[in-house]
Amino acid sequence: MSQYSKLPLFPGNHFPDVGKNNFQRPQIWTHYRGIPALSDRRRQDTVEMIALYPPKMAQNLTPGWLQYDKRVLCFDAFFREGVADASAYQIRSMRISFFLEDGTVQVIEPKIADSGIPQGCIVKRQKVPAGDLHERKFLSVLDFNVGKPVTIFSRTYHVTNCDDFTRQFLNQLGIRVPQAESIPVDPNTEMRKAQANVTVRRFGVKSNKLAQFLQNDGKVLRYSGFWDSREKDMGYVRDLTVLFYLCDNTLEIIEVLPANSGRQETLQFLKRMKLPKKASAVTDLDLRNPMTVLNVFGMGLTNGRFIPDSKAEEADKNEFVTEKDLQVGKTLDVFGRSVVLIDCDAFTRNFYKEKYGLEGITPLEKAQDPDQTSVVLKPKERQLPAFNGWGTHQDSEENCKTLEPKPPKTDVKKFISHENQVLRFGAKLISRIKENSERIFIVNYYLADDTISVFEKPVRNSGFTGGRFLHRKQFFLPNQNLMSSVRPQIFAPQHFFIGSRIQLSDHVFEIVSADCHVFDYMEKNQNTFPYANIDTIMTKIRDTIRPHYKVFIAEYLPKLAMRENGSLAADFEMMKDMLTHLLNGDVKTHEIITICRYFQSADVEMNMKERGSVVDWNKFIDFIGLEDDLKQDTE
């Protein structure tokens, strides 16, 4: 043992200076960075190795367990195993893996379906003795090669092939690797394959009900038909719906009763069952057996022996109605009742077209019954009593319709789609008192349930505290009789726009402003809000301005302002004066705001404060589309 073996070794640290050699850590330790701490046994072996070799020779030395980490030699092999019959045997294929890291061996047998023998790991990963155990010799790389038998725990394996890495590794060691050999044919495997291909005839009726159910579950053929029972007393033509379930070949018939027929509503004409083609007796259906059995000998069920009759196997085939027996124009014998099929639905047409190639199925006309007269009685409209003032109109209507009081119905779809959507307007109170006219109010319209609430904005030193002015509820339009049987109309979103006046509980408010969400919502729903529909507004302006378009341009063109981007623009006040004069006052303030928002100047699109206050004159004139008429008049 050298003096260097007593020195402490740590990855990434240098050896201390020793004598004149200034010995430092060998290069081998640079490979240990990032590897878990070595065991004491491996660290001691490495120290001894460094002590045996000089530093210059040990610089490129790497231990085998690190150099061959995760490198495995893989071989294909087989061995013969005897079976119960002395003259027979079976071939079992194996996969032998030799781990270069530590010289261990593992044997695995690939699993084969329906082999009947336990497969998987035959020999766990371990060092395999090459002879007697007391000799302490184990299998090495030189013991494995293609075409060479190898003995592992008293069982001899014949190696037939190896992978490319194994072949290259052995060739680098100077070992010649022969070509791959074929594995002999296993007689037991060939016998099982031959037996699997033999069709064994089984007695009884072959049934594959599960596959039919999984393939056709939910698929129903629907036919329209009728049963003419006028031959009997009090008989008439009955409308029927024939349903054939493809999952189990059962058939169901439902009767379609006409309105006000006076009959008891027993709609099931035939319960769901397999319909026999020829029904001799109804009681025999539950006693039928899917196969015919023979009593070979003995009496009774316990002492006798029964076998199926192979010759009577096909006797009852096609005794039930299938989809092949259903077709428009055919007549079904439903236990003595003739049901005529006259039409089918689209799914049934596609089913027969794809499976049987039948096209052009023409529906038939139903037999007419002259004695049968269908009198359709319209339900009499109920006259609701006048409202008595208790509760709401909706609650009173529901209580009058039924004997049992029910709460009023809520439009759930409207509530979900417009939940938390509120239209907020600024308003002022119309009053003869000067102080009331200066008060500022906020009107909230809730789209979910058409309710309205009013809040007053507090103003300092005004004499009014502010806060809630009107509670949230539905408000009725004025000039209506609230005590009549007809439900009065309520304020809708269409009644709210800039410049409108609304009366809420004897208070008249004028809408003077609104937030941006209100204008965006109205412009998205132009069909509901006519004063936010740009097409309707511009059509009215175009029809009015057409006779004197030239005079209009000459009058207002000098009043336009030049923007920084070089375009002509008009402010809100100019557009208001121009449109009011042009339409003789037949224009709403909301319509002017809609025009200003639609034709806003490009340089103020990003400025929310000036949005809708500056109009691009060129866009406005181009939308009117009367420039061609002006050129023709000039020429």
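Residues numbered from 1 in each chain as written. Predicted model: local features only at pLDDT ≥ 70, side-chain atom pairs only at ≥ 80, totals over all residues. Heavy atoms only, no water.

A. The overall build of the chain, seen in detail. In terms of helices and strands, the chain carries 17 helices and 23 strands. In the chain, buried positions account for 32% of the 635 residues. Summarising the internal contacts of the chain: among those between residues at least 6 apart in sequence, 51% fall at separations of at least 24. If you sum the accessible surface of the chain, you get close to 42,300 Å²; carbon and sulfur atoms cover 51% of it. (Helix = DSSP H or I, 4+ residues; strand = E, 2+ residues; numbered from the N terminus. Buried < 20%, exposed > 50% of the residue type's maximum accessible area, 1.4 Å probe, protein only. Contact = heavy atoms within 4.5 Å. Areas by Shrake-Rupley, 256 points an atom, 1.4 Å probe, with all protein chains shown as cover.)

B. Examining the environment of Arg95 more closely. Its place among the elements puts Arg95 in strand β2 (residues 89-99). Note: C-alpha distance between Arg95 and Asp76 (19 residues apart in sequence) is 5.0 Å. Those residues in contact with Arg95, other than ones at most four positions away along the chain, are Cys74, Phe75, Asp76, Gln106, Val107 and Ile108. A polar side-chain atom of Arg95 sits 2.4 Å from a polar atom in the side chain of Asp76. (Polar contact = N/O pair within 3.5 Å; in protein donor to acceptor, adjacent residues only side chain to side chain.)

C. Quick look at the pairing of strand β16 (residues 440-446). Burial runs high along β16: five of the seven residues are buried. Sheet topology places strand β15 (residues 422-429) next to β16; seven bridges connect them, and they run antiparallel. Bridge pairing in β16 places Gly426 opposite Ile442. The pairing of β16 with strand β17 (residues 451-456) spans six bridges and is classified as antiparallel. Pairing of Tyr445 across the sheet is with Ile452, part of β17. In sequence, β16 turns back onto β17 through a hairpin of four residues, with Asp450 there showing a positive phi of about 60°. (Pairing = 2+ DSSP bridges.)

D. Just the side chain of Glu252, in detail. Positionally, Glu252 belongs in strand β9 (residues 250-256). Despite being buried, Glu252 has no salt bridge partner; Arg272 is the closest side chain of opposite charge, sitting 5.7 Å away. Of note is the side chain of Glu252, whose polar atom sits 2.7 Å from the side chain of Tyr245. With residues up to four places along the chain from it excluded, the contact list for Glu252 reads Thr241, Val242, Leu243, Tyr245, Gln268, Leu270, Lys271 and Arg272. (Lys, Arg positive; Asp, Glu negative; His and termini not counted. Salt bridge = Lys/Arg side-chain N within 4 Å of Asp/Glu carboxyl O.)

E. Structural context of the sheet that holds strand β8 (residues 237-245). Across the sheet, six strands lie side by side as β10-β9-β8-β7-β14-β13; this open sheet has antiparallel pairing. Whereas interior strands pair on both sides, the edge strands pair on one side only; in this sheet they are β10 (268-273) and β13 (331-334). Across the sheet, the mean angle from the axis of one strand to that of its neighbour is 30°, orientation sign disregarded. Of the strand pairs in this sheet, strand β7 (residues 220-228) and β8 are connected by nine bridges, and their pairing is antiparallel. When the sheet's bridge partners are listed, Val220 is paired in β8 with Tyr245. Sitting on the sheet, helix α7 (residues 346-355) is in contact with β7 and β14 (337-344), with an inclination near 115° to β7. (Axes fitted to C-alpha atoms, helices over the stretch in contact; angles between N-to-C directions.)

F. Spotlight on the packing of helix α14 (residues 572-582) against helix α15 (residues 589-598). Remark: α14 packs on α15, axes separated minimally by 10 Å, with the N-to-C direction vectors making an angle of 125°. Here α15 runs oblique to α14, going by the angle between their axes. Seen from above, α14 lies across α15 with right-handed handedness. Residues Phe572, Met575, Lys576 and Leu579 of α14 form the contact with α15, whose participating residues are Thr589, Ile592, Ile593, Ile595 and Cys596. Grouping the constituent residues of the contact of α14 with α15 by class yields seven nonpolar, one polar and one charged. (Parallel < 35°, antiparallel > 145°, perpendicular 65-115°, else oblique. Left-handed = near helix turned anticlockwise from the far one by under 90°. Nonpolar A, V, L, I, M, F, W, Y, C, P; charged D, E, K, R; others polar.)

G. A look at a nonpolar patch on the surface. A cluster of nonpolar side chains, Leu210, Phe213 and Leu214, forms an exposed patch at the surface whose accessible area comes to about 330 Å². Take Phe213: its relative accessible area is 37%, and that puts it in the partly exposed class. (Patch = residues over 30% accessible without salt bridge, like charges linked within 9 Å, V, L, I, M, F, W, Y side chains within 5 Å.)

H. Here's a closer look at the packing of aromatic side chains. Counted by the stated rule, this structure contains 23 aromatic pairs. Centroid distance Tyr521 to Phe529: 5.9 Å. Interplanar angle 70°. Geometry classified as edge-to-face. Of the two residues, Tyr521 and Phe529, neither departs from the other in class, the shared state being buried. Considering the side-chain rings of Phe599 and Phe620, the 5.6 Å spacing of their centres and the 90° angle between planes classify their relative orientation as edge-to-face. Of this pair, Phe599 sits in the loop between α15 and β23 (614-616) while Phe620 sits in helix α16 (residues 617-624), and the two are 21 residues apart along the sequence. What links up through ring pairs into an aromatic cluster is the set Phe552, Tyr598, Phe599, Trp617, Phe620 and Phe623. Directly above the ring of Tyr89 sits Arg80, whose terminal nitrogen or CZ lies 4.7 Å from the centroid. (Phe/Tyr/Trp six-rings, centres within 6.5 Å; stacked < 30°, edge-to-face > 60°. Lys NZ or Arg CZ within 6 Å of the ring centre and 35° of its normal.)

I. Up close: the sheet that holds strand β4 (residues 120-126). Sheet architecture is open: six strands sit in the order β4-β3-β2-β1-β6-β5, paired in antiparallel fashion. Two strands close off the open sheet at either side, each with one partner strand: β4 and β5 (149-152). In this sheet, neighbouring strand axes are inclined to one another by 30° on average, regardless of whether the strands run parallel or antiparallel. With four bridges connecting them, strand β1 (residues 72-82) and strand β6 (residues 155-162) associate as antiparallel partners. Among the inter-strand pairings, Phe78 is bridged to a residue of β6, identified as His158.

J. Up close: the packing of helix α12 (residues 534-545) against α16. One can describe the packing of α12 onto α16 by two numbers: an axis separation of 10 Å at closest approach and a directional angle of 75°. With respect to each other, α12 and α16 are oriented roughly perpendicular. Counted together, Asp535, Met538, Arg542 and Ile545 of α12 and Phe620, Phe623 and Ile624 of α16 form the full contact between these two elements. Partitioning the contact of α12 with α16 into residue classes produces five nonpolar, no polar and two charged.

K. Quick look at the pattern of salt bridges. In this structure the tally under the stated criterion is 19 salt bridges. In this structure, Asp76 engages Arg95 in a salt bridge whose closest nitrogen and oxygen atoms are separated by 2.4 Å. One end of the pair, Asp76, is in strand β1; the other, Arg95, is in strand β2, with 19 residues separating them in the sequence. Given a relative accessible area of 22%, Asp76 falls into the partly exposed group. With a closest N to O distance of 3.4 Å, Asp325 and Lys277 form a salt bridge. With a gap of 48 residues between them, Asp325 in the loop between β12 (305-308) and β13 and Lys277 in the loop between β10 and β11 (293-297) connect regions that are remote in the sequence. The exposure class assigned to Asp325 is partly exposed, which follows from its relative accessible area of 22%. When its relative accessible area of 32% is taken as the criterion, Lys277 is described as partly exposed. Through salt bridges that share partners, Glu81, Arg92 and Glu109 make up one connected network.

L. Seen up close, helix α13 (residues 549-556). All buried positions along α13 are accounted for by Tyr549, Phe552, Ile553 and Tyr556. Along the long axis of α13, the arc covered by the buried residues comes to 95°, so they all point the same way. Projecting away from the buried face of α13 at angles above 90 degrees are the exposed residues Lys550, Val551 and Ala554. (Arc of directions from axis to C-beta.)

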